[in-house]
Amino acid sequence: MSLLSTPVIADTLARLFSRFVNPAPKPGVRFADITADTTQVRIPTRHGDTAATVYRPDGVPDGVYVNIHGGGFVVGHREQDDPWCRFLAARANVVVVNADYLLAPEHRFPTAVEQLYDVVAWAGSAERDWPGARLCVGGQSAGGNLSAAVSRLSLTRGGPPIALQVLHYAPLDLVTATGQKRSPRGAQAIMKPWMGEVFDTAYIPDRQRRRDPLASPAWGDNADDIAGIAPGLIIACEYDRLRDEAAAYAKSLDTVGALVDYVEVPDVDHGYNIMSDATEVTRGMYELIAGRVRDAVA
């Protein structure tokens, strides 16, 4: 454990990272040819209202998908997922609710989980002007972790029922240090050990609390009692340090009959669909996810 695991240092670095880092999607993965009707809304939650962009497909939607952006639990740029949200609304014929949430270190675990659970309950309500009973949730990176947590809360609290959880290169074990997670690319992997130390400490400074199933669903025996959880589509990247925990959680879902598919994207690393111009790979994965969402809300 280094000085980066000291909360005051990690918090300072997390704030700097949040302030200065906003990687807009590369031109090759913006999919400007795909359009969607959007509106801005404020969603009430127990932790205050949060902003969201609602994407609507042409015609009558078949369901709703709550998208949770990534950013290491400390960065808040939901517009980064705009290309994906447009793509999904158009290809899966669903309303996409792309929501903000409260960020660490000012708001630590489990604030974001609770807030996003309220967002998902709002999106799935019969009061909405879309079929909320056909509800999916998903995210990439930290957004995938939070999607898994919301799905776990849905299981333990008896709803709202979720038809599909999409976990896209998600960190699912915050107990194991990032430096102990291996990548075929070694030191060239996108996820550096210092990143995990800073982000995990800013989000959950108490290392014992990282064992919570809502924080680390793939760690230890945390997945031993997930029978009945929302079906999951788990997507990992070949070169990502987080690949093994994604595979482990997929195996746990499969054990209880809740695995829709486990997909490992070859020759790419963490954040490939934002930080690279891997146009065809990204389009192919987006089509695959959209197909699974279509099936889930059919």
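Keep in mind the model is a prediction, meaning the values are calculated, not measured.

## Some details on empty space enclosed by the protein
In this approach, a probe sized like a water molecule rolls over the atoms, and the result shows the empty space that is left.
Then, number 1: Considering all chains together, one arrives at two cavities of 30 Å³ or more under this definition.
Then, number 2: Of the volumes computed, that of the largest cavity is approximately 60 Å³.
Then, number 3: Surrounding the largest cavity, Tyr65, Asn67, Trp84, Gly138, Gly139, Gln140, Val166, His168 and Ile289 form its lining.
Then, number 4: Counting only elements with at least two residues in the lining of the largest cavity, the list comes to strand E3 (63–68), strand E5 (135–140) and strand E6 (164–168).
Then, number 5: Considering each element in turn, the lining of the largest cavity owes the most residues, three residues, to E5.
Then, number 6: Looking at side-chain class alone, the lining of the largest cavity contains four nonpolar, five polar and no charged residues.
Then, number 7: A volume near 50 Å³ is recorded for the second largest cavity.
Then, number 8: Surrounding the second largest cavity, Pro25, Val29, Gln80, Asp81, Pro83, Trp84, Gln140, Asn273, Ile274 and Tyr286 form its lining.
Then, number 9: Going through the elements one at a time, helix H2 (82–92) and helix H7 (272–275) are the ones with two or more residues in the lining of the second largest cavity.
Then, number 10: For the lining of the second largest cavity, the per-class residue count stands at six nonpolar, three polar and one charged.

## As for the environment of Ser151
Then, number 1: Along the polypeptide, Ser151 turns up in helix H4 (residues 142–156).
Then, number 2: Judged by relative accessible area, which is 2%, Ser151 ranks as buried.
Then, number 3: Through-space distance from the C-alpha of Ser151 to that of Gly138 is 9.5 Å; in sequence the pair is 13 residues apart.
Then, number 4: A polar side-chain atom of Ser151 sits 3.4 Å from a polar atom in the side chain of Gln165.

## Let's talk about the side chain of Ser154
Then, number 1: Mapped onto the elements, Ser154 comes out in helix H4.
Then, number 2: By relative accessible area, Ser154 is classed as buried at 10%.

## Here's the deal with the environment of Gln208
Then, number 1: On the secondary structure map, Gln208 appears in the loop between helix H5 (193–203) and strand E7 (232–237).
Then, number 2: With 19 residues separating them along the chain, Gln208 and Ala189 place their C-alpha atoms 27 Å apart.

## A word on the nonpolar core
Then, number 1: Among the nonpolar cores identified, the biggest contains 45 residues, and Val66, Val97, Val113, Leu146 and Tyr203 are the most heavily contacted of them.
Then, number 2: Among the elements of the structure, strand E2 (50–56), E3, strand E4 (94–99), helix H3 (111–123), E5, H4 and H5 are those that each provide at least two residues to this core.
Then, number 3: Considering every element that reaches this core, the biggest residue donor is H3, with eight residues.
Then, number 4: Those residues in contact with Val97 that lie beyond four places of it in its chain are Ile43, Ala52, Thr53, Val54, Val64, Tyr65, Val66, Asn67, Trp122, Ala123 and Trp130.
Then, number 5: Within the second largest apolar cluster, 30 residues are counted, among which are Phe31, Val166, Cys237 and Tyr272.

Definitions and cut-offs
- Residues numbered from 1 in each chain as written.
- Predicted model: local features only at pLDDT ≥ 70, side-chain atom pairs only at ≥ 80, totals over all residues.
- Heavy atoms only, no water.
- 1 Å grid on protein atoms, 1.4 Å probe; cavity = no way out; pocket = protein on both sides within 12 Å on 5 of 7 lines; lining within 4 Å.
- Points joined across faces, edges and corners; volume = space filled by probe spheres on them.
- Helix = DSSP H or I, 4+ residues; strand = E, 2+ residues; numbered from the N terminus.
- Nonpolar A, V, L, I, M, F, W, Y, C, P; charged D, E, K, R; others polar.
- Buried < 20%, exposed > 50% of the residue type's maximum accessible area, 1.4 Å probe, protein only.
- Polar contact = N/O pair within 3.5 Å; in protein donor to acceptor, adjacent residues only side chain to side chain.
- Core = buried A, V, L, I, M, F, W, Y, C linked by side-chain atoms within 4.5 Å.
- Contact = heavy atoms within 4.5 Å.

Geometric values such as these leave the question of function open.
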